[in-house]
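Structural overview for review
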Amino acid sequence: MAALAVPDFIKQFQPGFPVGFNPRDMVLDYLQHPVMFKLMMPQVVVIDPQGIIRTQLAGDDKFFDKAEQEKNFRDVLEPLLKEGTVAPVARRKKAK
């Protein structure tokens, strides 16, 4: 159902990072999860410029607690930015 959910997610949250989806089998293969693995939305995967998965977070993770969400993202991304393995993405301007 990602094809239906992603456009609404982008419209609602206007993330300053790429958002997309792939067929389930392709995702499980790339993330190296077993076929029976239950994927949760959202699924956040931080991939460095060399194509190495640095972090994987699923929608049921405490990481997505609304009160701490921004702090949690900063805690994950800032060390990678300092390390130079993840390039910063420019913030999008909000649509008027």
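Scroll up to find the structure.
Below, the structure is looked at part by part.

What counts, and at which threshold
- Residues numbered from 1 in each chain as written.
- Predicted model: local features only at pLDDT ≥ 70, side-chain atom pairs only at ≥ 80, totals over all residues.
- Heavy atoms only, no water.
- Buried < 20%, exposed > 50% of the residue type's maximum accessible area, 1.4 Å probe, protein only.
- Helix = DSSP H or I, 4+ residues; strand = E, 2+ residues; numbered from the N terminus.
- Pairing = 2+ DSSP bridges.
- Salt bridge = Lys/Arg side-chain N within 4 Å of Asp/Glu carboxyl O.

So, about the pairing of strand β1 (residues 43-47). In β1, alternate side chains face the same way, and those of Val44 and Val46 are buried while those of Gln43, Val45 and Ile47 on the opposite face are not. In terms of strand pairing, β1 meets strand β2 (residues 53-58) through five bridges, oriented antiparallel. Within β2, the position partnered with valine 46 by the bridge is threonine 55. The turn joining β1 and β2, which pair antiparallel and follow one another in sequence, is formed by five residues; a positive phi near 85 degrees is taken by glycine 51.

Our next topic: the pattern of salt bridges. Applying the stated criterion across every chain, the model contains five salt bridges. Between glutamate 70 and arginine 74 there is a salt bridge, and its shortest N-O distance comes to 3.0 Å. Here arginine 74 and glutamate 70 lie together in helix α3 (residues 69-83), a separation of four residues that amounts to about one turn. Assessed through its relative accessible area of 53%, glutamate 70 is described here as exposed. Between aspartate 75 and lysine 71 there is a salt bridge, with its nearest N and O atoms 2.5 Å apart. A residue pair is termed a helical-turn pair when its members lie 3 or 4 positions apart in one helix, as aspartate 75 and lysine 71 do in helix α3 at four residues. Given the relative accessible area of 43%, aspartate 75 is considered partly exposed.

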